[in-house]
Amino acid sequence: MSDCLFCKIVNKEVDTDLVYEDKRVVVFEDINPQAPVHLLIVPKEHKENIMELENEEFDIISHIHEVAVKMAEKYEIAKDGFRLVNNNREKAGQSIFHIHYHLLGGRQLQWPPG
Ligand code: AMP
Ligand code: ZN
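In this text, all values refer to a predicted model and were calculated from it rather than measured experimentally. (Residues numbered from 1 in each chain as written. Chains lettered and ligands numbered in written order. Predicted model: local features only at pLDDT ≥ 70, side-chain atom pairs only at ≥ 80, totals over all residues. Heavy atoms only, no water.)

A.B. asks: How should the overall build of the protein chain be read in this particular structure?
C.D. replies: From N to C terminus, the protein chain includes two helices and five strands. Its helices and strands taken in sequence order, the protein chain reads α-β-β-β-α-β-β from the N to the C terminus. For a compact globule of 114 residues, the expected C-alpha radius of gyration is about 13 Å, and the protein chain comes in at 14 Å, within 12% of that figure. Expressed as lengths along the three principal axes of its C-alpha atoms, the size of the protein chain is roughly 35 × 30 × 30 Å. Counting over 114 residues, the protein chain shows a buried share of 40%. Long-range pairs, those at least 24 residues apart, make up 56% of the contacts in the protein chain with a sequence separation of at least 6. (Helix = DSSP H or I, 4+ residues; strand = E, 2+ residues; numbered from the N terminus. Rg over C-alpha atoms; globule rule 2.2 N^0.38 Å. Buried < 20%, exposed > 50% of the residue type's maximum accessible area, 1.4 Å probe, protein only. Contact = heavy atoms within 4.5 Å.)

In structure tokens, the structure reads:
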């Protein structure tokens, strides 16, 4: 989508350091980190939220989890613990309407979230 920030990052129209990229996803640091490690895992294909996925399109969620585990190991937060968060729509705090998962770690995280 032409006016979507994450599509622009995927298409390299907005310059962002990618910490990982493959055929289906990009990963980069959140601009407003909420933990010592705060990465965003973003599918290349634009969908507003996970409600837009159908049938085999849900395979991307499995792939995102696989990449999250790789990133948790790379950033050395796998052993202590980390959180994978996906906000859907306004009441969950979604502000960018292109599916993304937050990978958070490097500090004690609180539960329940606000
Ligand atoms: P959400 O609120 O779940 O939609 O998450 C959107 C996230 O994108 C927020 O944590 C923002 O800090 C982050 N963000 C917004 N713009 C950028 C950007 N240009 N580069 C990296 N992260 C961004
Ligand atoms: Zn998009």
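Structure's up, so let's keep going.
A.B. asks: Is there a simple way to explain the site of ligand 1 in this structure?
C.D. replies: Close to ligand 1 lie 15 residues; D30, N87, G93, S95 and H102 are nearest. Interatomic distance of 2.7 Å between a backbone N/O atom of S95 and an oxygen atom of ligand 1. Within the side chain of H102, a nitrogen or oxygen atom sits 2.8 Å from an oxygen atom of ligand 1. Here ligand 1 has 500 Å² of accessible area as a free molecule, and 83% of this is covered by the chains. Those elements giving two or more residues to the shell around ligand 1 turn out to be α1 (5-10) and β2 (25-29). Counted by class, the shell around ligand 1 contains six nonpolar, seven polar and two charged residues. (Near = heavy atom within 4 Å. Polar contact = N/O pair within 3.5 Å; in protein donor to acceptor, adjacent residues only side chain to side chain. Areas by Shrake-Rupley, 256 points an atom, 1.4 Å probe, with all protein chains shown as cover. Nonpolar A, V, L, I, M, F, W, Y, C, P; charged D, E, K, R; others polar.)

A.B. asks: How do you make sense of the pattern of salt bridges when you look at a structure like this?
C.D. replies: All chains considered together, the criterion is met by four salt bridges. For the salt bridge of E21 with K12, the shortest nitrogen-to-oxygen distance reads 3.1 Å. Accessibility expressed as a relative area gives 37% for E21, which makes it partly exposed. A salt bridge links K44 to E21, with the nearest nitrogen and oxygen atoms 2.9 Å apart. In this pair, K44 sits in the loop between β3 (37-43) and α2 (59-74) while E21 sits in strand β1 (residues 18-21), placing the two residues 23 residues apart along the sequence. One salt-bridge network, in which partners are shared between bridges, spans K12, E21 and K44. (Salt bridge = Lys/Arg side-chain N within 4 Å of Asp/Glu carboxyl O.)

A.B. asks: Which parts of the structure should I look at to understand the coordination of the zinc ion (ligand 2)?
C.D. replies: Ideal coordination angles are 109.5 degrees for a metal with four donors arranged tetrahedrally and 90 or 180 degrees for a metal with six donors arranged octahedrally. Surrounding the zinc ion (ligand 2) are the protein donor atoms C4 (SG), C7 (SG), H46 (ND1) and H98 (ND1), at 2.0 to 2.3 Å. Relative to the metal, the four donor atoms surrounding the zinc ion (ligand 2) lie at angles of 104 to 118°, and the coordination shape comes out tetrahedral. Positions of the donor residues of the zinc ion (ligand 2) along the chain correspond to the pattern C-x2-C-x38-H-x51-H. Each member of the pair C4 and C7 is classed as buried. (Donors = N, O, S within 2.8 Å, 3.2 Å for Na, K, Ca; no water. Tetrahedral: all angles 85-135°; square planar, octahedral: opposite > 155°, others 65-115°.)

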